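Now for the letters of each chain:
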Amino acid sequence: MNVTFHIEYRAGAGKKLCLAGPVAAGPEEWPFDDMQEMQRQENDRWMLQLTIPPSIRTISYRYLLVDAGGNTVTESWERGHRALLDPSGGMYHLYDYWLETPPDMALYSAAFTKAVYAHTSAGEPEENRCRTLVIRVSIPRVEKNRYPAIAGNQACLGFWQPEQAKEMNGTDFPEWEVRLNADEITFPLEYKFLLRDERGRVVRWETGENRILEPFPPAPDVTVVVSCFPYRESLPAWKGAGTAIPVFSLRSEQSFGIGDLHDLKLLINWAEQTNQRLVQILPVNDTTRTHTWADSYPYSAVSIYALHPLYISLTEMGALKEARKRSFYRRVQQALNAGEEVDYEAVEKHKISYCRDFFAEQGASVLASDAFRTFWETAQSWLAPYASFCYYRDKYRTADFTQWGEHAVYRPEREPAYGETGRVVRKEIAFTYFLQFVLHTQFKAVSEHARRKGIILKGDLPIGIHRTSVEAWTEATLFNENGQAGAPPDNFSDKGQNWSFPTYHWDVMERDGFAWWKKRLRALEHVFTALRIDHLLGFFRIWEIPIHCVDGLCGHFRPALPFTAGEIEDRGLPFRDAFLQARIRRSHAVELLGETFDEAVETYLSPDGDDHLTLKPCCNTQRKTDDLFRERTDPVSLKIKAALFTVAANVLFLADPYEPAKYHPRISASGSFAYKELTPEEQLAFDRLSFHFFYERHNAFWKEVALKRLTPLIHSTDMLICGEDLGMIPDSVHEVMDRLHILSLELERAPKLYGLEFADLQQLPYLSVCTTSTHDMPPLRSWWNEVRERTQRYYRQVLHGDGTAPAACSPERAGQILRNHLNASSMLTIIPLQDWLALSGDLRHPRPECERINIPADPHHYWRYRMHLSLETLAAADDFNRLIRRLIAESGRDDPH
């Protein structure tokens, strides 16, 4: 089968075009080199003819520009070219164009191709004729009740009559094609694309001049495939609105004390009802380590693949056969569901008990089903080690696998999920398999439900994994257990955040092209069409905290470019070893400890020279101090503990743990007692070198790091990717995000421009997500009540109010704020459900302080917020839902085109 590739491209002198990296789908391998040089024709046209084995059905390829030195430039759009071949077609001529990344790149993501604009019935391809002309064009923005057609100056195209135009096939959506009999065409062919509705009426023509196609080779068995430049239109940029809420926070009449996957379906229904386009949730992976409320933290998963058993919908799983048990669980369900918040431990106890009873009745038939066998074939690689992990966690009463004796090191050949085991063990392993099968089956049904309704389901990818997780146990070489991931001090926490996750060995991950991350993304795209990457900055650099630290003050960025002592001195600060030593001047210790000074000196501090004190060995790290005071909660002990933490962090520089004789300035050190010991000249020098280190030194370096890590990951998935890019943001972050088409996160109350207190919502980048608050912040009404002076400034400057700001955020004021956010320039405006409810005096929570989901400064926060009304009540709130539809329509986020 002869295939001839054609492309028109002005290459310039001394340069050539090549066909690059073809990948074939068929029983035979691609029989050519990875790069084939093309022949230059006249008028900047290039051609390459290849003879391809007839067994190959699909080829994917790209074009390269190569200069005399062998340097290459590739097409910027990673999608590349793809051709479907039919041996009966004889010869193929493929006419392509150089693929530049389209400005509406987001519309080619799964959020649109598989949800908002998904076309499930797009016609069947036509058979090849003797001489076939295939015209292809990209049209991503085609509503579900719209259909592209092609009209032109030929009878087969209706002689420009739109009702006679030829309907196009969208099997490969967002690519559309039409097959024409070339013998019926008189060249040149003039044509244009249009969209029609289900009754054949014109919705809109593409803009611009008519397209013209010249004659092609006259051979009788030739198929010519012409890939046209994308559809031309002048519509306003697409905008949508959505809702954010954790699954555990949902409430319905069928809930079992916690939100579940059935409730998520109801939320999707409500989103459709109010003309929203997106539902965003927090991570839903299993976090069970202790079987206590401490497991409520959704970013601390024990598996990156297993779903949390508490999200099983018991309603959809099925009723128990025994009437007595049905009655018992109904009473339990009513009691748990009446709770204002999630009672994590009670929910787990009774919900898992119900699942065990159901498993006893029907588990054997479920596990013998064809559906389970299919699930096992795709999930075995993660499901078996996860089941073993769960078994040992409960057997040894700890998720810390280092305490599992001979099983502390993972060896699959001896784990219970793989080999012959006793009856009790087999039953526990089978129960775990059953739970995950039910969960994944239900979640897939939720995903398909969302796609049918045109709702984008947006998930959340945590930046880290827990150090006592399946992955840390089974893939230990990928993780640095001597470091703790966190975040530097910011508006959320003045001492930084310590998430306690191990950091990554990125050099190891890079060796196989980041396969661990790609596999993770593939699992997520089975259910999600959009994804929030938590702490995107972690792909540039992570805040790595030593294992002996509790707070984040003594962390350092990794990777980084630490100073040598010589560099520090070149910047005007004479370097001395005392800068690295955790100690405190005696007068400062008196100031810090107050009336507890004498007790602290006697028990915890030792003299260090004439004027300083240092920590005794029993408490010379924050971790030792934390252990020492674990059971002591009286005010005096807490004050001493906080003071010892301060002393342990009272340094100006931190030695780099990987490069000897190199040093990081301690972040926020200008507020330390060590800083007070510097002379004014030394303080100025330290301030300058710190600013350079944290805000200038690493920009180009971190840009290179992020592109190396993120580029292959973003190109491996079709999900719409959004980044959580809050906090201490290097200048290079937004350049990388723009290049990779990652949507940023924008908050009016957290502007990214220096010197602003409130962001200008009309100046936000289009490729962004605008929101009123996040799960780490107080919702709108709580924020209004938080700092009176700030609220007054916001009221006057942003809301243009007169006089004194109201004491509470009224429904009318909330409406003004939400209207401003919906009118923002961002592509997506996603409102937390609590802030939607602020629109209604009847539906809003009576106590705003109860709507908070998380407090980042508290590492032991109990994640238990639940919406106070049911989703059924929400769906029936006609006036409220009508208001949301109106606000969305007025902002142009209902996509009426």
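Just above, that's the structure.
Attention here is on the structure that accompanies the text. (Residues numbered from 1 in each chain as written. Predicted model: local features only at pLDDT ≥ 70, side-chain atom pairs only at ≥ 80, totals over all residues. Heavy atoms only, no water.)

Brief notes about the overall build of the protein chain
A tally of helices and strands in the protein chain yields 25 helices and 35 strands. The globule rule puts the C-alpha radius of gyration for 897 residues at 29 Å, and the 31 Å found for the protein chain is close to it. Across its three principal directions, the C-alpha atoms of the protein chain cover 100 × 80 × 75 Å. Looking at the 897 residues of the protein chain, the share that counts as buried comes to 56%. Residue pairs in contact within the protein chain that sit at least 24 positions apart in sequence constitute 72% of those at least 6 positions apart. Of the accessible surface of the protein chain, which amounts to about 38,100 Å², a share of 51% is contributed by carbon and sulfur atoms. (Helix = DSSP H or I, 4+ residues; strand = E, 2+ residues; numbered from the N terminus. Rg over C-alpha atoms; globule rule 2.2 N^0.38 Å. Buried < 20%, exposed > 50% of the residue type's maximum accessible area, 1.4 Å probe, protein only. Contact = heavy atoms within 4.5 Å. Areas by Shrake-Rupley, 256 points an atom, 1.4 Å probe, with all protein chains shown as cover.)

Focus: the sheet that holds strand S32 (residues 720-723)
Taken together, 8 strands build an open sheet; the order of strands is S32-S23-S20-S19-S18-S35-S34-S33 and the sheet is parallel. One side of each edge strand has no neighbouring strand; the edge strands of this open sheet are S32 and strand S33 (744-747). If you compare each strand with its neighbour and ignore which way they point, the axes differ by 25 degrees on average. (Pairing = 2+ DSSP bridges. Axes fitted to C-alpha atoms, helices over the stretch in contact; angles between N-to-C directions.)

Concerning helix H19 (residues 732-740)
Turning to H19, its buried residues number three or more, namely Ser732, Val733, Val736, Met737 and Leu740. What you see down the axis of H19 is that its buried residues fit within an arc of 135 degrees, all on one side. Looking at the buried residues of H19, the elements they touch are helix H18 (699-714), S32 and S33. Backbone geometry just downstream of H19 places His741 in the positive-phi region, at approximately 60 degrees. (Arc of directions from axis to C-beta.)

Focus: the packing of aromatic side chains
Applying the stated criterion across every chain yields a total of 65 aromatic pairs. Ring plane angle 20 degrees and centroid distance 6.4 Å describe the contact between Tyr396 and Trp404, whose orientation is recorded as stacked. Here the aromatic cluster, defined as three or more aromatic residues joined through ring pairs, consists of Phe389, Tyr391, Tyr392, Tyr396, Phe401, Trp404, Tyr410 and Trp473. The ring of Trp702 carries the charged tip of Arg541 above its face, separated from the ring centre by 5.2 Å. (Phe/Tyr/Trp six-rings, centres within 6.5 Å; stacked < 30°, edge-to-face > 60°. Lys NZ or Arg CZ within 6 Å of the ring centre and 35° of its normal.)

Let's talk about the nonpolar core
With 178 residues, the main nonpolar core has Leu264, Phe443, Trp517, Phe653, Leu710, Trp836 and Phe880 as its most contacted residues. Examining the composition of this core, we find that 13 residues originate from one element, helix H7 (residues 423-452), more than from any other. Not counting the four nearest positions on each side in its chain, Phe880 is found in contact with Trp270, Trp836, Leu837, Leu839, Ser840, Leu843 and Leu874. The next biggest cluster of nonpolar side chains, apart from the first, holds 49 residues, and it includes Ala111, Tyr117, Val178 and Ala182. (Core = buried A, V, L, I, M, F, W, Y, C linked by side-chain atoms within 4.5 Å.)

Structural notes on a negative patch on the surface
A cluster of like negative charges, contributed by Asp598, Glu599, Glu602 and Asp634, occupies part of the molecular surface. When you line up the elements, Asp634 lands in the loop between helix H14 (622-628) and helix H15 (635-648). (Patch = residues over 30% accessible without salt bridge, like charges linked within 9 Å, V, L, I, M, F, W, Y side chains within 5 Å. Salt bridge = Lys/Arg side-chain N within 4 Å of Asp/Glu carboxyl O. Lys, Arg positive; Asp, Glu negative; His and termini not counted. Charge placed at Lys NZ, Arg CZ, Asp CG, Glu CD.)

Thoughts on the pattern of salt bridges
The full count for this structure, using the stated rule, is 50 salt bridges. Here Arg79 and Glu175 are joined by a salt bridge, their closest N and O atoms 2.8 Å apart. Placement of Arg79 in the loop between strand S7 (72-74) and strand S8 (81-84) and of Glu175 in strand S13 (residues 175-181) is noted, with a sequence separation of 96 residues between them. Taking relative accessible area as the criterion, Arg79 reaches 37% and is therefore assigned partly exposed. The shortest N-O distance in the salt bridge between Glu851 and Arg781 comes to 3.4 Å. One end of the pair, Glu851, is in the loop between helix H23 (833-837) and helix H24 (871-875); the other, Arg781, is in helix H20 (residues 780-786), with 70 residues separating them in the sequence. Glu851 sits in the buried class, given a relative accessible area of 1%. Taking relative accessible area as the criterion, Arg781 reaches 6% and is therefore assigned buried. Salt bridges sharing partners connect three or more residues here, namely Arg82, Arg136, Asp172, Glu177 and Arg179.

Quick notes on the side chain of His308
Tracing the backbone through its elements, the reader meets His308 in the loop between strand S19 (278-280) and helix H3 (314-317). Look at His308 and you get buried, because its relative accessible area is 4%. Polar contacts involving the side chain of His308 include one to the side chain of Thr287, which spans 3.3 Å. Apart from residues lying up to four places away in sequence, His308 is in contact with Val284, Asn285, Asp286, Thr287, Thr288, Tyr344 and Leu439. (Polar contact = N/O pair within 3.5 Å; in protein donor to acceptor, adjacent residues only side chain to side chain.)

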